[in-house]
Structure formats: structure tokens, C-alpha cells
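Structure at a glance
Chain by chain, the residues:
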Amino acid sequence: MTLDEEPSATEDPHHPLVLRRIKKDEEVSWRASASRQIRDHCSCTKDKARAKLLGFFPILKWLPHYQLRDWILGDVMSGVIVGILLVPQSIAYSLLAGQEPIYGLYTSFFSAIIYAFLGTSRHISVGIFGVLCLLVGQVVERELAAAGYTSDTVVVTGGDYNTSAALLVAQGNSSLVRACDKSCYAIVVGATVTFTAGVYQLLMGVLQVGFVSVYLSDSLLSGFATGASLTILTSQLKYLLGLRIPRPQGWFTLTKTWYALLTNLANTNVCDLVTSLVCLLVLVPSKELNDRFKAKLKAPIPFELFVVIIATLASHFGRFNAEYGSGVAGAIPTGFLPPQLPDWSLIPSVAVDAFSIAVVGFAITVSLSEMFAKKHGYAVDANQEMYAIGFCNVLPSFFRCFTTSAALTKTLVKESTGCQSQVSGLVTALVLLLVLLFIAPFFYSLQKCVLAVIIVVNLRGALRKFADVPRMWRANRIDACVWLITMATSALVNTELGLVVGVLVSAFCVLGRTQRAQAVALGRSSGCDLYEDLLAYEGLRAPSGVAVFQYQAPVYYANQSLFKSSLFRATGLDPVKEKARRRKLEKKNRSKPGKEEAVAATDVATLGRSDDVENGVVGKEGVGESDAGVMKVLMPARKQKEEMAAAGGVHSVVLDCSAVLFLDTAGVNALKEVRKDYQELGVRLLLARCSTSVLDTLERGGYSTLSTDQEEPVFFSIGDAVRHAQSISSGNEDKCDTYC
């Protein structure tokens, strides 16, 4: 069968389908291709410069087309509501990241502005995210311990101490540890981690590797977030109980934290415990009410802000800090500190941690961006999102901010309250600016246990994933296993290790599926030329004398041996065993020449049966030996056909390659070996329904030249392959004495 000739209009309907391949352009050398790409990339025209500018600053694209009358009300409302929600959450998550409350407000403020200018999503809210705060906090605690800060108390409060002054003294100085107290050094570590993570994200954007997000599946990210949520929950229990215990370092932090909590339970601060219980009793039902009636409410009721205000007033007038020793937020300055470079000497220590933080932050941001873009009918650019989130980390790191990403909870609030564009992000930044300039100092007496309650209550969504495990298991057991392994590793062993283990398990699951693929026997439906799985549908019949199989995976170096064994097992004919059996039989016949005819009859009767009865091949009357040293049983061709039909034997095997996505060199060699082994036994191997890429690989690998004079052409349909095999068998009935 050729691919270059025109099909005839009057050709036989049973003639194999012939299609003409489009001739490919001559391959260009890699030097010419590289020089052309460099030339195109480096050339600059007015239109190209304008497109680059608009692509890098998406706000210049959509802002001139902003529908002021239709969108401004929804953007302002959503921006104000998200800003109000961010005030208590920013202060609370600063605690999780090991920073002072003011830096959480800084982080939310700068990230909202930068993403509004550089982001391509209209709806996501970029700011503090619990999992990233946990990762940053773990690095901060580790570096504090390495620097000799062992006390869990923070030396900040007091009117005479100026943190910014200490930071300026220590800027660019190798004696940073000596110049700063614990709080000051924690700020420097957090900012350095954030800067390094942002640089990683920018480099990913320059290298155009935004596609890496597709390798982080939903089950992986969900399991990682749930496992991290368990760690976050455990880390906040010491604040709920008013215990002053250090955060454990290294692996198995969850069990170490629980051990420390149980051993120090007698030191519980009753004031903090009572406050925590009261806040939980208020916030949990109120959050549930917000979720239940969110369709009827124009905006969620900011119960968190109400709790923060009431708790701050109660702590201030009740003197909880002085009378009961309750931990409070402390002095929160107003205004902004001057920018400061990160501590370059810390970068080698935090580089590995920053990479995992960068990957998690980008993956979550892109996932949420694509989810809401699909929902509202617009497109986002993954690489531009990489740039946006990278600059949301690099630039704010100079102002002592910590790592940011998109956050699902605030994004849902933003969308449900009428958000139409990132103008709402600018409104949110304005609300936070008012807090930073005027309101922040009033949170001095806010108890840390209240902030911990806010964090714990916001973990409800992630912890509810445990209830979905049975549903995930019923839907897809592999995805459920990925979720469980990632969650368990993140929670019980190490948070960053959980991400790595999740990626590896996902990759091995994909590889494992190719290892478990089997050759499926196909049958033809009556009345049409359709071939499907014989074991899956009723009314299918296998064609006479031809076995049709489909291999449902790529054939490559990792599974080529499994492909051969699966095909041999499905056909019931293993060439290696068959040749060994025949050699043994030949040796026996040489010693007993009088029993050749009986042996010949036995050999024919066993052709095509299952593995427990070895298969044979038929030929002329008598016994002979092929060039390959394989004995053939010989008899008249007509009698041979009758014997084979009675025995259910086959003379040809058709392999449906429609499910074979690709072949490599090992895969092509495996097909060559299978064809050669079957030919030595007198069985044809025909390929059908190969994709163009597989055809090209076969041709380059020397399997098939796609010419009319080849022994075994590649067919475009299974029916053509079956008819071709049957026509050769019947056509040779009186012309040839053997099957070949």
C-alpha cells in the first residue's frame, strides 16, 4: 500500500484504503533554525515593541476599555469587602510566618497593587496564603535557631526600640545577627526567602516554563494543602492554649509539636484558653451562616473584623497582658519603612526552601487563574502570571514582606461580591493603606490567641477534604492514593518533602499505567466494519484465521519487554517457547523417524490453542527444517486449512496501533523482533491504524518503507488488514503449499 498514489474512483470496495501523505518541508539545520529564532527574537519594530509592552503590563490593555458605569460599583464593593477581611487575616498570618503584624499588612498592600498592573486574571486575589506562610515560618524558625535565638519570646515592644533603625544599622553588614534582635533578624530572613523565591519565579518566566504547572495535578495540590493545613492547625494550638514553646525543626514536626503540647499542658494560660473558646464559638457558626446564605447575601458579613475589634477592646480594658500574662500583638507602627536589600549571605541557606515555595506559589496562582478565567470566558497567560507573582515577591521583599500567591477564599469572596477587574485590587490596597497609616496602632492589645483562632477557622475548607476521600476513592483510586500519600508526607514527615513525594508518586503512577497495559483481543460486529474489545461487548466475533489485538499504551524502552510478553500471552503463541519445543521435537523425531506423520497431525491440532498446549505451524507433507533451524510440519495446503479451522488456529496477527501514542527506538526494535519471531513460525504480523507520528517513527527506524512491494504493509483500518490477510491465505490455497 502506497501513500503517494491517487485512489481510483472505481476501485474495489474491499481494496485497502489509500491516502496521500502531504510532503514535509525539508528539514532546516539547527544552526539556521537557531539563527532565525535569535534574529526574530532580537529584532525590534514599533508594533513588536508595543505588543511586548502591552503583554508585560496587561492593565494597559484592559483599562482603556474599562466600562465605568457597569463595573465600578462591583469593583469598589468587592475591593472594600476583601480589604476589610484582609486586615485581621494579614495580622494573623504574620504570626504563622514568624513575623510582626505590620509586615502582613505590608505584604497584602504591595501584592494587591503589583498584581493589578501585571496580572492577567480579572478575579483572583493575590496576598497572604496560609501554606506559604507556614513554609516561610519554618525557614525563619530554622535560621533563628541556627543564629542562636533560642527563646520563643519576641523582643519588640516598648516605645524606645525602633526596629527600622536596627535594620538600617545592619543593612549589608556581616554582623547582622549581632545588630538585630530576634524580631529584626526574623524580618531579614523572611524578606530574603521571599526575594529568592521571586527571583526563581522570574527566571521561570524568562525561560518560558509556565507549562510546569500542568505536572502538579489537582489531587497533588489538594493533598499538599490538606497536609500543610494539619501542620498549621497543630502549630497554632500553642497560641490557643497560651503556651510558650519553641517551634520544632526538621522532620516529623507534627509529632514533635504534639509531644511538646502534651508535656506542657499544665502551663496553659486560662485567659488565652477562655478567649480562644469564646472566639471559636462565635466564628465557626458565623462562618457557616455566611456559607449557607451566601447566595442571598450581597456580601459576606465580616465577623472576623467584629471579633478582632471586640477582643482588642476587651484585652485593652481588661489588661489581659499585664494581669494574666496573655500574649498580645504589641506595638504596630504606622507608615512605611525605607527599602532594604536582602541579606545576600543568607541566600545559600534558603535557596532550596525558596524553590519549593516558588513552585507552590506559582502553581496555586496559575490554577486559580485558569479556573476563574474558564468560568468567566477569558484567557490567562501562564508565563505572564509567572512574571506577575514573581514581581509580587521580589519588589515587596525590599519592604520586609513575605511570600504571596493567590488565595482561594478571598478570591471566592471577591468574585461573589461583583468583581469585574483588578480595579477591585487597587481598592483593596487603598483600604489597607488607611489601616497602615492611621488604624494599625490600635491593635496593640489584640491577643495572639484571637489571631490563632482566625487562622484555625479559615482551615475549615482544607480539612473538609477528608470527607471527600471515599468519593475520590470511588472515582479514581490512583488519584486518591496520590492525595493520601502527599497529605500524609506533608503532615507527618515534612511539608516541602510532601510536595516532592507527591510529584514523584504522580510520575510513577503515570509510568505504572504504561507498565500495566495489556494486549486486548478485538472482534468484529455483525453488519459493520467495527472492531471492539471481545470481553467488553456482546455479539462480537473474531475473524476466521486472523487474531486482532490492540495495545493500549505507548511502546518504549520501559515497557517494550512487557509489550512482547503481553502480546504473546494474548495470542497464546510464544515464539521462544515454540521454537524450543520444536527443537526438542525435531531431536526426538530424528531418533524415531517412523512416527513423523503422527507428530505432524499432533502439531497441526495444537496450532492456535492456549498457553497450556503449545502451538504449531503447518507446511508440506513430511518434516523439514527452515533456514532459522525451526522445524515445519508439511502437508497439502487444503488439508492444512481444514485442520487449522478445526483447531481454531490463526495464520495472521493484526495489531491495532490506534492507542499507541508514540514509539521510541526500543519500541521499533520490539516490533521488529515480534515480526521476525512470528515469521519464523509462519505467522504474519500486520499493523493497522497507526498515527502519522508512529508511521514516521516506523519508517525512520527501518520497520516499514511504506511501499507497495513490501511484504507487510501498514493499514489505515483493521478491516483492510483482516481482508488482506484472509485474501493472501485463500489466494495461496492452491498456489502455495505453505503458510508464510
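Summary of the structure given here. Only a predicted model underlies this, so the values are computations on that prediction, with no experimental measurement involved.

The subject of this paragraph is helix α19 (residues 448-457). Of all 10 residues in α19, nine are buried, a share of seventy percent or more. Inspection of α19 places Cys-449, Val-450, Leu-451, Ala-452, Val-453, Ile-454, Ile-455, Val-456 and Val-457 among the buried residues, and these make up the whole buried set.

Counting residues in each nonpolar core, the largest one holds 109 residues, and the members touching the most others are Leu-105, Tyr-106 and Leu-446. The leading source of residues in this core is helix α15 (residues 347-376), at 12 residues. Aside from chain neighbours lying at most four places away, what touches Tyr-106 is Gly-335, Phe-336, Leu-337, Phe-399, Cys-401 and Leu-436. Counting 31 residues, the second-largest nonpolar core is a separate cluster that includes Phe-568, Val-653, Leu-663 and Val-694.

For Phe-252, which is not a glycine, the phi torsion comes out positive at approximately 60°. The residue Phe-252 is located in the loop between α10 (218-241) and α11 (253-263) in this model. Positive phi, normally seen in glycine, also occurs at Arg-319, with a value near 50°. Taking relative accessible area as the criterion, Arg-319 reaches 48% and is therefore assigned partly exposed.

So, about the side chain of Ser-326. Mapping Ser-326 onto the fold places it in the loop between α14 (320-324) and α15. Apart from the residues lying within four places of it in its own chain, the contact partners of Ser-326 are Asn-269, Cys-271, Asp-272, Phe-320, Asn-321 and Gln-447.

Attention now goes to a nonpolar patch on the surface. A cluster of nonpolar side chains, namely Ile-301, Phe-306, Ile-309, Ile-310, Leu-313 and Phe-317, defines an oily patch on the protein surface of about 610 Å² accessible area. Locating Ile-309 in the fold gives a position in helix α13 (residues 303-318).

Looking now at the pattern of salt bridges. By the definition in use, this model includes 11 salt bridges. Residue Arg-142 is joined to Glu-143 by a salt bridge in which the shortest nitrogen-to-oxygen separation is 3.1 Å. Across the salt bridge formed by Arg-689 and Asp-656, the nearest N and O atoms sit 3.4 Å from each other. Remark: Asp-656 occurs in strand β10 (residues 652-656) and Arg-689 occurs in the loop between β11 (684-688) and α29 (692-700); sequence separation between them is 33 residues.

Our next topic: the state of the cysteines. Counted according to the given criterion, the structure contains zero disulfides. Cysteine Cys-481 shares no disulfide, and the gap to the nearest cysteine sulfur, in Cys-509, comes to 7.0 Å. Cys-657 carries a free sulfur, and the closest cysteine sulfur to it, the one in Cys-690, is 3.8 Å from it.

When you line up the elements, Ile-72 lands in helix α4 (residues 68-96). Among all residues touching Ile-72, those that are not within four sequence positions of it are Tyr-66, Gln-67 and Val-423.

This part covers the packing of helix α9 (residues 182-206) against helix α16 (residues 382-397). Two numbers describe how α9 lies on α16: the axes approach to 7 Å, and their chain directions differ by 155°. On the basis of their axis angle, the class for α9 and α16 is roughly antiparallel. Along this stretch, α9 crosses α16, giving a crossing that reads as left-handed. Contacts between α9 and α16 involve Ala-191, Thr-194, Phe-195, Gly-198, Val-199, Gln-201, Leu-202, Met-204, Gly-205 and Val-206 from the first element and Asn-383, Met-386, Tyr-387, Ile-389, Gly-390, Phe-391, Asn-393, Val-394 and Ser-397 from the second. Of the residues contributing to the contact of α9 with α16, the split by class is 11 nonpolar, eight polar and no charged.

Turning our attention to the packing of helix α6 (residues 130-146) against α15. With their axes 10 Å apart at the nearest point, α6 and α15 run at an angle of 175° to one another. Between α6 and α15, the angle falls in the class roughly antiparallel. Packed against α6, whose contacting residues are Leu-132, Leu-135, Val-136, Val-139, Arg-142 and Glu-143, the element α15 presents Ser-349, Val-350, Asp-353, Ile-357, Val-360 and Gly-361 at the interface. Its residues assigned to classes, the contact of α6 with α15 comprises seven nonpolar, two polar and three charged.

Thresholds applied
Residues numbered from 1 in each chain as written. Predicted model: local features only at pLDDT ≥ 70, side-chain atom pairs only at ≥ 80, totals over all residues. Heavy atoms only, no water. Buried < 20%, exposed > 50% of the residue type's maximum accessible area, 1.4 Å probe, protein only. Helix = DSSP H or I, 4+ residues; strand = E, 2+ residues; numbered from the N terminus. Core = buried A, V, L, I, M, F, W, Y, C linked by side-chain atoms within 4.5 Å. Contact = heavy atoms within 4.5 Å. Patch = residues over 30% accessible without salt bridge, like charges linked within 9 Å, V, L, I, M, F, W, Y side chains within 5 Å. Areas by Shrake-Rupley, 256 points an atom, 1.4 Å probe, with all protein chains shown as cover. Salt bridge = Lys/Arg side-chain N within 4 Å of Asp/Glu carboxyl O. Disulfide = S-S within 2.5 Å. Axes fitted to C-alpha atoms, helices over the stretch in contact; angles between N-to-C directions. Parallel < 35°, antiparallel > 145°, perpendicular 65-115°, else oblique. Left-handed = near helix turned anticlockwise from the far one by under 90°. Nonpolar A, V, L, I, M, F, W, Y, C, P; charged D, E, K, R; others polar.

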